[in-house]
Structure formats: C-alpha cells, structure tokens
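One-letter residues, chain by chain:
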Amino acid sequence: MKFRIGNGFDAHQFKPGEKLILGGVEIPHHSGMEAHSDGDVVLHALCDSILGALAKGDIGQHFPDNSEKFAGIDSRILLRQVYQIMADENYVIGNVDITIIAQTPKLATYIEGMCEIIAEDLQVNKSAISVKATTTEKMGFTGREEGIAVMSSVLLNSKN
C-alpha cells in the first residue's frame, strides 16, 4: 500500500491541581487532565491516528493504563515509540491534521509550539502539521468546561 489514512480521538476530563500539557506544550491553567500518563490528549489522539493507519490497534493496547511502567509518563515518549513502529513498517508522515475541542483555555498562542514539537517528534517538516482549536459554543462536556476532546487524522506515505 502506498498511502494509509488513520483517525484518532481522545477525551479527558479536567483535574484541578494537575499540569495541563497539550501537544507537548505546558499551558497555564487551573486544571490539567485526569489520566494515567501526563494526560496529553492531543498526543494521545495523534498516536491513535498513526496506529490506526497502520492497523496496529490503539494507544491502550501498546501502553496500557493499568501498567505502572506508564504512570505519569511524558506522552512525547509514547509518540516517539509510535513513530518508531511507523518507521519500522516503512512509512513516513504525509501530513497530520489535529482539532482540539475546548471551551477553555484559549489556545491560539500555543498552537505554533505544538506544531513544532509534533514535527520534531515525527521527524517531519512543520508544514506537514496542522493543529487548530475550536469550542462547542458552551454545549456538551467541553462546553461546560469539564474536559478537552481531540480529533486527529494522519496520512502516511510508504517509503518504498
């Protein structure tokens, strides 16, 4: 197969007193994410989209949330491991498109940093990475400021 497309989705609820890390960027906020790892919902959705494109399951299969090995782990480490799985299958990133759904915090000033980090970890030019943020106009759990959801799509290209 020359091209493969994958989709990923993840959502976490807010947990007061935790650091908020999205796309590898620490963002000032009164709450972080409730999670076994560092709760980087952006990178979790991205990992799932890459694994899905490869038909290799999901992030929970590779990094179980009941394993102490992954307790509090930096999600960039997980993304780099998923990158290695992709590289071992002879694929490279064509492009990534990520949508963050959050009423709060406002994310516009952090998007560029997220793109840089993701591009670095996936060893691709930053022009192949799109991250955007939207709200649900105060509807649903994200609108009530209970948490954050993320959708990710990826196109993989065969190196062969």
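Note: the structure precedes this text.
Structure report, in brief.

Conventions used here
- Residues numbered from 1 in each chain as written.
- Predicted model: local features only at pLDDT ≥ 70, side-chain atom pairs only at ≥ 80, totals over all residues.
- Heavy atoms only, no water.
- Core = buried A, V, L, I, M, F, W, Y, C linked by side-chain atoms within 4.5 Å.
- Buried < 20%, exposed > 50% of the residue type's maximum accessible area, 1.4 Å probe, protein only.
- Helix = DSSP H or I, 4+ residues; strand = E, 2+ residues; numbered from the N terminus.
- Contact = heavy atoms within 4.5 Å.
- Axes fitted to C-alpha atoms, helices over the stretch in contact; angles between N-to-C directions.
- Parallel < 35°, antiparallel > 145°, perpendicular 65-115°, else oblique.
- Nonpolar A, V, L, I, M, F, W, Y, C, P; charged D, E, K, R; others polar.
- Pairing = 2+ DSSP bridges.

Considerations on the nonpolar core
Core analysis: the biggest nonpolar cluster contains 45 residues, and Ile50, Ile100, Leu122 and Ile148 have the highest contact counts within it. At the level of elements, strand S2 (20-22), strand S3 (25-27), helix H1 (41-53), helix H3 (75-88), strand S5 (91-101), helix H4 (111-121), strand S6 (129-134) and strand S7 (147-158) are the ones that each hand at least two residues to this core. Apart from residues no more than four positions distant in its own chain, Ile100 is found in contact with Val42, Leu107, Met114, Val131, Lys132, Ala133, Thr134, Ile148, Ala149 and Val150.

Here's the deal with the packing of H1 against H3
Look at H1 against H3: their axes get within 10 Å of each other, and the N-to-C directions meet at 10 degrees. Of the possible angle classes, the one that applies to H1 and H3 is roughly parallel. For the pair H1 and H3, the contacting residues are Leu43, His44, Leu46, Cys47, Ile50 and Leu51 in the first and Ser75, Arg76, Leu78, Leu79, Val82, Ile85 and Met86 in the second. Residue classes in the contact of H1 with H3 are distributed as 10 nonpolar, 2 polar and 1 charged.

Observations regarding the sheet that holds strand S4 (residues 31-33)
Here 5 strands make up an open sheet; going across it, the order is S4-S1-S7-S5-S6 and the pairing mixed. Taken across any chain shown, the strands that pair with only one partner, and hence form the sheet edges, are S4 and S6. Shown here is a sheet whose adjacent strand axes are inclined to one another by a mean of 20 degrees, direction ignored. Inspection of the sheet shows S5 paired to S7 by 10 bridges, in the antiparallel sense. Bridge pairing in S7 places Ile98 opposite Ser152. Sheet strands touched by H1: strand S1 (3-16), S4, S5 and S7. Its angle to S1, the strand with the most contacts, is close to 155 degrees.

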